Amino acid sequence: MFDKIMEAQQKAGEVKKRLDAITVTGSAEGGKITVLANANKVVQSVTIDDAFLKEADKEELEELLVIAINKAMEQADNVSQSEMAAMTSAMFGGMGGLFGK
């Protein structure tokens, strides 16, 4: 059992490293604001179109930043869930009838 716990911790560390290396993007207003993050939900950069920035008011800018960030975080969640499901399947998929299948 201890071996399985150690294996799970090692696999979780590997997944975290993979998620750190995966870039997700969220954008708003047709790409006028773009947020890049990794799949561990760490924002890497925010890009705002220069022409849009000159025209936008503070409230519009804040609203669109929230939209872009939330889209990036949603993508990060999706990637993270897929990676965790793959890890779980790899770890427990070969256990046959152990869980009553």
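Being a predicted model, the structure only gives us computed values, none of them experimental.

**Student:** What exactly am I supposed to notice about the overall build of the protein chain here?
**Tutor:** Across its full length, the protein chain carries three helices and three strands. Taken from the N to the C terminus, the helices and strands of the protein chain come in the order α-β-β-β-α-α. Across its three principal directions, the C-alpha atoms of the protein chain cover 60 × 25 × 15 Å. Counting over 101 residues, the protein chain shows a buried share of 22%. Within the protein chain, contacts between residues at least 6 apart in sequence are counted, and of these 50% link residues at least 24 apart. About 6900 Å² of surface is accessible on the protein chain, with carbon and sulfur atoms providing 55% of the total. Of the charged side chains in the protein chain, 11 are positive and 16 negative, and the gap between their average positions amounts to 10 Å.

**Student:** Would you mind going over a nonpolar patch on the surface with me for this structure?
**Tutor:** A surface patch of nonpolar side chains, about 200 Å² in accessible area, is lined by Val 43, Val 46 and Ile 69. Among the structural elements, Val 46 can be located in strand β3 (residues 43–48).

**Student:** Whenever I open this one, the pattern of salt bridges confuses me. Can you help?
**Tutor:** Pairing between side chains of opposite charge can happen when their charged atoms approach one another. Scanning the entire structure with this criterion turns up four salt bridges. Where Glu 83 meets Arg 18, a salt bridge forms, and the shortest distance between an N and an O atom there is 2.8 Å. Taken as a pair, Glu 83 in helix α3 (residues 58–92) and Arg 18 in helix α1 (residues 2–21) lie far apart in primary sequence, 65 residues in all. A relative accessible area of 18% means that Glu 83 is categorised as buried. When its relative accessible area of 38% is taken as the criterion, Arg 18 is described as partly exposed. One salt bridge in this structure joins Glu 62 and Lys 58, with 2.5 Å as the shortest N-O distance. Residue Glu 62 and its partner Lys 58 are located together in helix α3, separated by four residues, close to a single helical turn. Looking at Glu 62, the relative accessible area reads 39%, which means it is partly exposed.

**Student:** Looking at this model, I keep getting lost on the sheet that holds β3. Mind explaining?
**Tutor:** A sheet is described by the order of its strands in space; here three strands give the open sequence β1-β2-β3, paired in antiparallel fashion. The open sheet has two edge strands with one neighbour each: β1 (23–28) and β3. Averaged over all pairs of adjacent strands, the angle between strand axes in this sheet comes to 15°, irrespective of strand direction. By the bridge criterion, six bridges tie β1 to strand β2 (residues 33–38) in an arrangement that is antiparallel. Bridging across to β2, Val 24 finds its partner in Ala 37. Along the sheet, α3 contacts β1, β2 and β3; its crossing angle with β1, the most-contacted strand, is approximately 150°.

Scoring rules and cut-offs
Residues numbered from 1 in each chain as written. Predicted model: local features only at pLDDT ≥ 70, side-chain atom pairs only at ≥ 80, totals over all residues. Heavy atoms only, no water. Helix = DSSP H or I, 4+ residues; strand = E, 2+ residues; numbered from the N terminus. Buried < 20%, exposed > 50% of the residue type's maximum accessible area, 1.4 Å probe, protein only. Contact = heavy atoms within 4.5 Å. Areas by Shrake-Rupley, 256 points an atom, 1.4 Å probe, with all protein chains shown as cover. Lys, Arg positive; Asp, Glu negative; His and termini not counted. Charge placed at Lys NZ, Arg CZ, Asp CG, Glu CD. Patch = residues over 30% accessible without salt bridge, like charges linked within 9 Å, V, L, I, M, F, W, Y side chains within 5 Å. Salt bridge = Lys/Arg side-chain N within 4 Å of Asp/Glu carboxyl O. Pairing = 2+ DSSP bridges. Axes fitted to C-alpha atoms, helices over the stretch in contact; angles between N-to-C directions.

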